[in-house]
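Residue-level listing of the chains:
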Amino acid sequence: MKYEVPVLDPAPVSTGSVLLEADNMEIQFNLRGRTLTAVRKASLQLRAGETLAIVGESGSGKSVFAKSFLGMLDRNGRISGGTALYRGVNLAALKTEQQWLAIRGRRIAMVFQDPMTALNPLKPVGEQIREAAALHRTMDKEASRLVALEMLERVGISEPERRYKQYPHEFSGGMRQRAVIATAIACGPEILVCDEPTTALDVTIQAQILELIKNLQRDMGMSVLFITHDLGVVAKMADRIAVMYAGQVVEEGMADEIFYDARHPYTWALLASLPQLGIKGEDLFAISGTPPSLFRTIKGDAFAPRNPLALKVDFEYEPPFFQVSPTHRAKTWLLDPRAPKVEMPETVKRLRQKLKDKKAEDIAASGTGKAKARKETSR
Amino acid sequence: MSQEIILSAENMSVTFGSGRKAFRAVNDVSFFVRKGETLSLVGESGSGKTTIGRAIMRVHPISGGAIRWKDTVISGKVNGSAERALRQKIQMIFQDPMASLNERAKIDYIVSEGLYNYKLFTTEAERRAKVEAALLEVGLLPEFASRFPHEFSGGQRQRIGIARALVMEPELLIADEPISALDVSIRAQVINLLNRLKKDRGLSFLFIAHDLSVVRFISDRIAVIYRGKLVELAPAEVLFEHPVHPYTRALLSAVPVPDPEIEKEKCLVVYDPAQHDYSKVAPAWTELSPGHFVYGSDKEIAGWQK
Ligand SMILES: Nc1ncnc2c1ncn2[C@@H]1O[C@H](COP(=O)(O)OP(=O)(O)OP(=O)(O)O)[C@@H](O)[C@H]1O
Ligand SMILES: [Mg+2]
């Protein structure tokens with residue numbers, strides 16, 4: 001059977017409208033005869049021009065979910081249910097590499113944590129960017145070389161002519177990640193998926209790379225799907241946030257709604273374990289236990305066994321999503337009108353107060369402080 | 001926390017290579033660690049943090065200055081019994097729990113390794129009791145002793161690494177990025193464990209890290225290092241509230257704050273070493289206010305004092 005090359009709907013998508021819509025996606029892996037369900041009927045929408053951050057602890061399915069939009073699942077994995085609609089094409093139904101070539105790199109591109117795995121150590125960096133640029137467009141060598149040089153410049157690599165000829169090992173960690181980003185944006189993708197792109201970097205370098213991604217997104221009008229477990233990075237980057245637990249999105253909302261008005265006990269737990277918000281000399285809040293095994297069917301709310309606030313119903317029935325605001329929803333029985341009134345834990349309340357106080361302080365100090373900071377940057 | 005100083009570095013330098021290729025990885029650095037306190041070393045990768053830790057562990061020889069453990073100079077040659085004592089009193093825990101554990105050995109052996117190496121037990125029962133106590137102390141069950149590292153989660157492996165240090169009954173733990181590889185939830189558990197050891201056992205920590213949010217939470221004092229040189233050292237809250245050296249300020253501005261409103265308005269401070277004019281007056285390590293040290297010229301210091 002021959003599969004058709006997908007034909008994308010070329011109509012412009014206005015900023016804020018849904019560009020990629022994943023609905024009830026289920027992704028399974030075959031592991032020595034056993035089936036692991038890494039993504040369990042998860043849904044999310046990526047809107048044009050926005051940055052959506054996916055957060056959640058290790059193993060919650062962030063990477064697997066994101067990779068499924070690029071046809072990059074490991075060999076033993078497959079999409080076993082649901083749809084992922086992008087410009088009229090259901091990505092979940094694509095089968096062949098041929099089909100994916102119309103999407104991957106060209107429309108949806110990806111940046112990984114470790115830049116070394118994304119670059120070929122034996123090839124000059126510029127050549128790799130040039131190849132990425134030429135992959136989906138018919139242009140001669142000189143034209144694509146010029147595009148590569150422009151990309152190097154765009155990602156803040158100075159002396160692009162000289163850098164073009166250098167090999168990955170001649171680049172520092174931060175520079176390498178810039179080069180990877182240059183490769184990813186070389187075709188002018190509409191969606192950039194970033195999977196922990198700065199986790200391996202120093203804070204100062206991290207801050208610069210995050211700034212770069214933000215600027216590129218604005219200048220090129222891209223949508224960004226940003227995966228991380230650092231809530232500080234999320235606060236900087238995200239317009240919207242999806243919180244994942246055990247293969248499901250359990251809460252999603254605007255960045256402010258998640259940080260200041262979270263409703264899911266798992267989101268509370270994530271926020272409460274931040275050292276920035278702990279009280280020195282006291283224990284930090286720590287989530288007890290471990291996430292459930294994904295080899296077994298999960299009954300009820302997957303977080304219930306680790307949740308000291310769990311209700312009886314949590315162990316029996318899986319909760320549906322409850323809408324908190326037009327942009328905010330959470331998958332927890334606590335939001336059911338029949339649920340007993342459960343207050344968010346003290347730590348999270350305190351956190352909010354602390355953030356508020358801090359903000360007041362910052363505003364008070366901003367008169368001199370900020371102006372000075374700006375000057376230092378521009379130098 | 002007591003006032004007793006257990007470890008100090010005095011004008012310590014570490015040089016790699018020699019002649020024209022010599023590279024000073026640590027340059028004229030001075031600091032001390034008190035009993036029962038956590039001193040953190042922060043700075044970008046390659047700035048010399050790990051080298052300082054390894055010099056204290058006597059893995060790298062120093063090329064200048066001295067390192068003192070209590071009243072004894074421990075840099076350079078020391079006699080056999082002092083050497084033995086040091087190997088026991090100062091322990092190190094590492095960033096990558098997986099890489100630092102021998103995959104093929106059982107937990108029992110991994111935790112006992114130091115005991116075997118230094119013959120720190122007389123009977124088999126005593127050794128086993130020590131291993132059991134160390135595992136319990138880090139919140140692991142004694143029955144884990146018969147298992148292998150790959151059967152544990154990242155956080156549990158990190159605790160095994162801590163248990164094998166604790167079994168030696170150290171007084172100082174050098175922790176090199178012990179939590180940066182860990183997930184948020186596990187990270188909180190390990191932070192709590194380290195803090196409890198400090199409180200209950202009076203352990204001292206030299207904590208090497210680049211995650212400043214964690215550093216602020218667990219440190220009593222913080223030293224900032226830039227290209228092998230200490231540029232600022234102060235009590236943790238003083239450093240965060242009143243950083244003066246431009247590098248410290250740049251570093252702090254880069255730490256993401258988990259608050260979208262603050263984070264989205266923040267401007268990044270970029271450090272440019274060319275901003276210092278040290279052509280006429282050489283900079284010096286100066287005490288700005290009690291316990292707050294900074295590296296700068298007289299003129300800079302005068303400006304920072306305001
Ligand atoms: N090729 C594979 N074969 C079997 N299981 C897999 C495979 N790839 C991923 N998984 C499993 O799928 C689940 C989700 O993994 P995923 O990598 O998406 O987590 P993550 O949220 O990205 O975690 P991290 O924060 O550690 O990157 C995990 O249980 C993982 O072990
Ligand atoms: Mg991942």
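For the structure, check the block above.
Cut-off values and rules
Residues numbered from 1 in each chain as written. Chains lettered and ligands numbered in written order. Predicted model: local features only at pLDDT ≥ 70, side-chain atom pairs only at ≥ 80, totals over all residues. Heavy atoms only, no water. Pairing = 2+ DSSP bridges. Helix = DSSP H or I, 4+ residues; strand = E, 2+ residues; numbered from the N terminus. Salt bridge = Lys/Arg side-chain N within 4 Å of Asp/Glu carboxyl O. Near = heavy atom within 4 Å. Polar contact = N/O pair within 3.5 Å; in protein donor to acceptor, adjacent residues only side chain to side chain. Nonpolar A, V, L, I, M, F, W, Y, C, P; charged D, E, K, R; others polar. Phe/Tyr/Trp six-rings, centres within 6.5 Å; stacked < 30°, edge-to-face > 60°. Buried < 20%, exposed > 50% of the residue type's maximum accessible area, 1.4 Å probe, protein only. Lys NZ or Arg CZ within 6 Å of the ring centre and 35° of its normal. Contact = heavy atoms within 4.5 Å. Buried area = accessible area lost by both parts, 1.4 Å probe. Expected span 1.5 Å × (residues − 1). Disulfide = S-S within 2.5 Å. Core = buried A, V, L, I, M, F, W, Y, C linked by side-chain atoms within 4.5 Å.

Draft legend 1. A look at the pairing of strand β11 (residues 284–289) of chain B. Looking at chain direction, β11 of chain B and strand β12 (residues 292–296) of chain B are connected through 5 bridges and run antiparallel. If you follow Ala284 of chain B over to β12 of chain B, its bridge partner there is Gly296 of chain B.

Draft legend 2. Molecular detail of the pattern of salt bridges. Residue and element names in this part refer to chain B. For the structure on display, the rule yields 39 salt bridges over all chains. The shortest N-O distance in the salt bridge between Glu237 and Arg216 comes to 2.9 Å. Remark: Arg216 occurs in helix α7 (residues 212–218) and Glu237 occurs in helix α8 (residues 236–241); sequence separation between them is 21 residues.

Draft legend 3. Geometry of the site of ligand 1. Residues and elements named next belong to chain A. Neighbouring ligand 1 are 16 residues; Ser58, Gly59, Lys62, Ser63 and Asp74 lie closest to it. Taking Gly59, its main chain carries an N or O atom lying 2.8 Å from an oxygen atom of ligand 1. Interatomic distance of 2.7 Å between a side-chain N/O atom of Lys62 and an oxygen atom of ligand 1. Those elements that place two or more of their residues in the shell around ligand 1 are β1 (18–31), β2 (34–47) and α1 (62–67). Here the element with the most residues in the shell around ligand 1 is α1; it accounts for 3 residues. Split into classes, the residues belonging to the shell around ligand 1 amount to 6 nonpolar, 6 polar and 4 charged.

Draft legend 4. Broad picture of the packing of aromatic side chains. Applying the stated rule across the entire model yields 12 aromatic pairs over all chains. For the ring pair Tyr226 of chain B and Tyr271 of chain B, a centre distance of 5.0 Å and an interplane angle of 90° mean the geometry is edge-to-face. In this pair, Tyr226 of chain B is assigned in strand β9 (residues 221–226) and Tyr271 of chain B in the loop between α10 (260–265) and β11, connecting sequence segments 45 residues apart. For the pair formed by Tyr226 of chain B and Tyr271 of chain B, the shared burial category is buried. Grouped by ring-pair contacts, the aromatic residues Tyr245, Tyr266 and Phe303 of chain A constitute a single cluster. One Lys or Arg, Arg145 of chain A, reaches over the ring of Tyr164 of chain A and ends 5.8 Å from the middle of that ring.

Draft legend 5. View of helix α11 (residues 265–272) of chain A. Buried residues dominate α11 of chain A, accounting for 8 of its 8 residues. For α11 of chain A, the set of buried residues is Pro265, Tyr266, Thr267, Trp268, Ala269, Leu270, Leu271 and Ala272 of chain A.

Draft legend 6. Highlighting the interface of chain A and chain B. In this complex, chain A contributes 52 residues to the contact, which on the side of chain B involves 42 residues. Between chain A and chain B, a total of about 4100 Å² is buried, with carbon and sulfur atoms accounting for 56% of that surface. Where chain A packs against chain B, one counts 3 salt bridges. Residues Glu263 of chain B and Lys236 of chain A are paired through a salt bridge, measuring 3.9 Å at the closest nitrogen-oxygen approach. The tally of links from chain A across to chain B stands at 11 residue pairs in polar contact (both at pLDDT 80 or more). When residues of the side of chain A that touches chain B are traced back to their parent elements, those giving at least two are α8 (203–220), α9 (231–237), α10 (255–260) and α12 (346–378) of chain A. Tallied by class, the residues present in the side of chain A that touches chain B amount to 22 nonpolar, 11 polar and 19 charged.

Draft legend 7. Looking closely at helix α7 (residues 173–185) of chain A. Under the 1.5 Å per step criterion, the end-to-end length of α7 of chain A is 19 Å for 13 residues, consistent within 8% with the ideal 18 Å. Packed against the buried residues of α7 of chain A are β6 (108–111), α3 (115–118), α4 (125–135), α5 (141–154), β7 (191–195) and α8 of chain A.

Draft legend 8. Molecular detail of the sheet that holds strand β2 (residues 23–34) of chain B. Residue and element names in this part refer to chain B. Ordered in space as β2-β1-β4-β5, the 4 strands form an open sheet in which the pairing is antiparallel. Pairing within the sheet leaves two strands with one partner each, and these edge strands are β2 and β5 (72–73). Summarising the sheet, strand β1 (residues 5–16) and β2 pair through 8 bridges and their orientation is antiparallel. Along β2, the bridge assignment pairs Ser8 with Phe32.

Draft legend 9. Quick peek at the state of the cysteines. Counted by the stated rule, this structure contains 0 disulfides over all chains. Cysteine Cys187 of chain A is unpaired, with the sulfur of Cys194 of chain A as its nearest cysteine sulfur at 16 Å.

Draft legend 10. View of the side chain of Gln206 of chain A. By secondary structure assignment, the location of Gln206 of chain A is in helix α8. Setting aside anything within four residues of it in sequence, one finds Gln206 of chain A in contact with Thr198, Leu201 and Val233 of chain A together with Pro256 of chain B.

Draft legend 11. Molecular detail of the sheet that holds strand β4 (residues 77–86) of chain A. All names here are of chain A. Here we have 4 strands laid out as an open sheet, ordered β2-β1-β4-β5, and antiparallel in their pairing. Edge strands, defined here as strands with exactly one partner in the open sheet, are β2 and β5 (89–90). As judged from the 10 bridges shared by β1 and β2, these two strands associate in the antiparallel manner. Counted as the bridge partner of Met25 is Ala42 from β2.

Draft legend 12. The arrangement of unusual backbone geometry in detail. Residue and element names in this part refer to chain B. The phi dihedral of Asn11 falls on the positive side, at around 45°, and the residue is not glycine. By the secondary structure assignment, Asn11 is in strand β1. The partly exposed category is assigned to Asn11, whose relative accessible area is 43%. In this model, Lys119 sits at a positive phi of 50°, which is unusual for a non-glycine residue. With respect to the helices and strands, Lys119 occurs in the loop between α3 (107–117) and α4 (124–137). For Lys119, a relative accessible area of 64% gives the class exposed.

Draft legend 13. The arrangement of the nonpolar core in detail. Counting residues in each nonpolar core, the largest one holds 74 residues, and the members touching the most others are Phe65, Phe69, Leu91 and Ile241 of chain A. Not counting the four nearest positions on each side in its chain, Phe65 of chain A is found in contact with Ala22, Met25, Ile27, Val39, Ala42, Ser43, Leu44, Met244 and Val249 of chain A. One finds Leu135, Ala145, Ile160 and Ala236 of chain B within the second-largest nonpolar core, a separate group that totals 64 residues.

Draft legend 14. Geometry of the environment of Pro326 of chain A. All names here are of chain A. With respect to the helices, strands and loops of the structure, Pro326 is situated in the loop between β11 (322–325) and β12 (328–330). When its relative accessible area of 82% is taken as the criterion, Pro326 is described as exposed. Taking the C-alpha atoms as reference, Pro326 lies 22 Å from Phe226; in sequence the two are 100 residues apart.

Draft legend 15. Examining the side chain of Ser204 of chain B more closely. Residue and element names in this part refer to chain B. Considering the arrangement of structural elements, one finds Ser204 in strand β8 (residues 204–209). You can call Ser204 buried: its relative accessible area is 0%. In this structure the side chain of Ser204 is engaged in a polar contact, spanning 3.0 Å, whose partner is the backbone oxygen of Arg34. For Ser204, the side chain forms a polar contact with the main-chain nitrogen of Gly36, separated by 2.9 Å.

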